[in-house]
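Residues per chain, in single letters:
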Amino acid sequence: MEFKDYYEILGVKPDADSKAIKTAYRKLARKYHPDVSDHHEAEEKFKEVSEAYEVLKDTQKRAEYEEIREYGNYGQGFQPPPGSQSSSHSNEPYQGDFSDFFSTIFGDTAGGKTRDFRSDYAFNQKGQDIETDMPVLLEETLSNCSKTISYSLPQRDNNGQLREVNKTLNVTIPAGVRDGKRIRLKGQGAPGIGDGLNGDLYLRIRLVPHPLFDVEAHNLLIIMPVAPWEAALGAKIIVPALSGKINVSIPANSQTGQRFRIKGKGLPHKHGHGDLFAVLKVVMPTTTDDEIKQHWEQLANKATFDPRADWSN
Amino acid sequence: MADLKHYDFSFEELCEISELSSLTIIEIVEHGIIEPDGADPENWVFSTQMVAVAKKAYRLQRDLSIGWQGIALAISLLDELEQLKAENQQLRRCLDRFIADSAVLFPNRHTR
């Protein structure tokens, strides 16, 4: 078992006073709180920081920890000295998990998680809710769509031990869902304790970025590459939509950045469909043969257009 | 097309689902953290989205010992931040279609 250096975790010196410890804890708690932090190990770090504070804020616990810190050999892994079980009791049960290290020294406080006082304190507790991301393709939002979701579910085996089990469910995703929408699946979360209900599963829709289309609300955007002569002379362009293809006519002398609106070819919403916007981008060929190059040179000589007229003063 | 506002909850149902006490939920509503339809607790209607916000507000309040006004501010700022990050990411994707390797010019670190 690993020795936990609570001072290091909080970033304080071992002789820090309680004020310094409190300040350090507060800073780290708000930095690593999972609801605030983007950090991929936020939850772990938050628990670590909370546990460290739990010990160091209490004079008696801190003293006991100090003894162990002096005594324990943390080169070869940590061995608690005999008779080191704590005799202090917390008045306010900490609502978190403790590391093995903590439990070895201080025992389990309050027997695990406590909740908001509403739930039955004793033996009936609703199982934990689980929240997971559900990736959805843009095409799948065009109509109601059946999808499979896999997630990790804590289950109790015959010995009452909690194990992580992989679960698969079929879900219907309604048409027109937007990124971030939550769907609740009742009773598909962690099992309840005693007579408690199962927790719920919350799916958070994540629209997968499309290689061609960008999404803005219920509108779609596609960049439409055209050859310089197409922009110069006008052309009929076949533009892919999310389903099917559309003919777009661009007029002569079109510009890069010009938008062409294709009504109703965006994403579905309550009153119909959003639009698809094709944005023109003139692109140059990367290679040219001599004959083509000659044509370009002729054009260069004939045309009087100055694209940098704005610059000269 | 499916009616997306299909899943609504009453005050009592929200208490059940979120496992938050009625007092906690009332505080959360009174601070404008979630804004259910309906004039009073008997008539309140909550959406699925509001369940998540309520639970988040409760967790922050419990874990960081912040008052409800502070929580309301934190949540509204966190929401805005999330939106800005999403917008940022969206604009970045679009920009990349026009400018080669736009991250060299705009090395924004604030994306979701």
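Residues numbered from 1 in each chain as written. Chains lettered and ligands numbered in written order. Predicted model: local features only at pLDDT ≥ 70, side-chain atom pairs only at ≥ 80, totals over all residues. Heavy atoms only, no water.

Chemist: Sorry, what's going on with the overall build of chain A here?
Modeler: Tallying secondary structure elements over chain A gives seven helices and 13 strands in all. A total of 313 residues make up chain A; the buried ones form 40% of that total. Surface exposure of chain A reaches about 19400 Å², of which carbon and sulfur atoms provide 48%. (Helix = DSSP H or I, 4+ residues; strand = E, 2+ residues; numbered from the N terminus. Buried < 20%, exposed > 50% of the residue type's maximum accessible area, 1.4 Å probe, protein only. Areas by Shrake-Rupley, 256 points an atom, 1.4 Å probe, with all protein chains shown as cover.)

Chemist: Which parts of the structure should I look at to understand the interface of chain B and chain A?
Modeler: Bring the parts together and some accessible area is lost; that lost area is often taken as the interface size. Residue-level contacts link 33 residues of chain B with 47 residues of chain A. Regarding the contact of chain B and chain A, the summed buried area is about 3400 Å², with carbon and sulfur atoms giving 52% of it. One can count twelve residue pairs in polar contact (both at pLDDT 80 or more) joining chain B with chain A. The set of elements that each furnish at least two residues to the side of chain B that touches chain A consists of helix 1 (11-18), helix 2 (22-30), helix 3 (48-64) and helix 4 (68-96) of chain B. By residue number, the principal contributor to the side of chain B that touches chain A is helix 3 of chain B, which donates twelve residues. (Contact = heavy atoms within 4.5 Å. Buried area = accessible area lost by both parts, 1.4 Å probe. Polar contact = N/O pair within 3.5 Å; in protein donor to acceptor, adjacent residues only side chain to side chain.)

Chemist: I would appreciate a short explanation of the sheet that holds strand 5 (residues 201-207) of chain A in the present structure.
Modeler: Note: strands within a sheet are paired through backbone hydrogen bonds, in either parallel or antiparallel orientation. All names here are of chain A. Overall, mixed pairing links the three strands, which are arranged 1-5-4 in an open sheet. Because the sheet does not close on itself, it has two edges, and the strands there are strand 1 (130-136) and strand 4 (182-185). The sheet shows a mean angle of 30° between the axes of neighbouring strands, taken without regard to direction. (Pairing = 2+ DSSP bridges. Axes fitted to C-alpha atoms, helices over the stretch in contact; angles between N-to-C directions.)

Chemist: Help me understand unusual backbone geometry, please; the structure alone is not making it clear to me.
Modeler: Negative phi values dominate among residues other than glycine, just as trans dominates among peptide bonds. The phi dihedral of Ala217 of chain A is positive, around 55°, even though this residue is not glycine. One can find Ala217 of chain A in the loop between strand 6 (213-216) and strand 7 (219-226). Look at Asp101 of chain B: it is not a glycine, yet its phi comes out positive at around 50°. If you trace the backbone, Asp101 of chain B turns up in the segment after helix 4.

Chemist: Quick question: what am I supposed to make of the pairing of strand 9 (residues 245-250) of chain A here?
Modeler: Remember that side chains alternate between the two faces of the sheet whenever the strand is regular. A one-sided burial pattern is seen for strand 9 of chain A, the buried positions being Ile246, Val248 and Ile250 of chain A and the unburied ones Lys245, Asn247 and Ser249 of chain A. Joining the antiparallel neighbours strand 8 (residues 235-240) of chain A and strand 9 of chain A is a turn of four residues, in which Gly244 of chain A adopts a positive phi near 85°.

Chemist: Teacher, can you tell me more about the environment of Cys145 of chain A here?
Modeler: All names here are of chain A. For Cys145, the position within the fold is in strand 2 (residues 145-156). Counting along the chain gives 72 residues from Cys145 to Ala217, while the straight-line C-alpha distance between them is 20 Å. Cys145 has contacts with Glu140, Val171, Thr172 and Ile173, leaving out every residue within four places of it along the chain.

Chemist: Sorry, what's going on with the side chain of Lys147 of chain A here?
Modeler: Residue and element names in this part refer to chain A. Considering the arrangement of structural elements, one finds Lys147 in strand 2. Here the side chain of Lys147 touches Glu140 through a polar contact of 2.9 Å, side chain to side chain. Ignoring anything within four residues of it in the chain, the contact list for Lys147 reads Met134, Pro135, Val136, Glu140, Leu169, Asn170, Val171 and Ile173.

Chemist: In this structure, what is going on with the layout of surface pockets? I would like to understand it.
Modeler: Residue and element names in this part refer to chain A. Empty space within the second largest pocket amounts to approximately 750 Å³. Contributing to the lining of the second largest pocket are 18 residues, with Pro228, Trp229, Ala232, Trp296 and Leu299 lying nearest its centre. Elements with a contribution of two residues or more to the lining of the second largest pocket: helix 6 (228-233) and helix 7 (290-302). Looking at side-chain class alone, the lining of the second largest pocket contains 13 nonpolar, five polar and no charged residues. (1 Å grid on protein atoms, 1.4 Å probe; cavity = no way out; pocket = protein on both sides within 12 Å on 5 of 7 lines; lining within 4 Å. Points joined across faces, edges and corners; volume = space filled by probe spheres on them. Nonpolar A, V, L, I, M, F, W, Y, C, P; charged D, E, K, R; others polar.)

Chemist: Is there a simple way to think about the side chain of His210 of chain A in this case?
Modeler: Locating His210 of chain A in the fold gives a position in the loop between strand 5 and strand 6. Here Leu212 of chain A takes part through its backbone nitrogen, which lies 3.0 Å from a polar atom of the side chain of His210 of chain A. Dropping the residues within four chain positions of it, His210 of chain A is found in contact with Leu138, Glu139 and Leu242 of chain A together with Arg97 of chain B.

Chemist: Quick question: what am I supposed to make of the packing of aromatic side chains here?
Modeler: Both the distance between ring centres and the angle between the ring planes are used here to describe each pair of aromatic rings. All names here are of chain A. The full count for this structure, using the stated rule, is twelve aromatic pairs over all chains. When the centroid spacing of 5.8 Å and the interplanar angle of 65° are considered together, the rings of Tyr6 and Phe101 count as edge-to-face. A residue pair is termed long-range when its members are at least 10 positions apart, and Tyr6 in helix 1 (residues 6-10) and Phe101 in helix 5 (residues 100-106) qualify at 95 residues. When its relative accessible area of 1% is taken as the criterion, Tyr6 is described as buried. Using a relative accessible area of 1% as the deciding quantity, one classes Phe101 as buried. Centre to centre, the rings of Tyr7 and Tyr65 are 6.1 Å apart; their planes meet at 50°, and the pair counts as tilted. Of this pair, Tyr7 sits in helix 1 while Tyr65 is found in helix 4 (residues 59-71), placing the two residues 58 residues apart along the sequence. Given a relative accessible area of 0%, Tyr65 falls into the buried group. (Phe/Tyr/Trp six-rings, centres within 6.5 Å; stacked < 30°, edge-to-face > 60°.)

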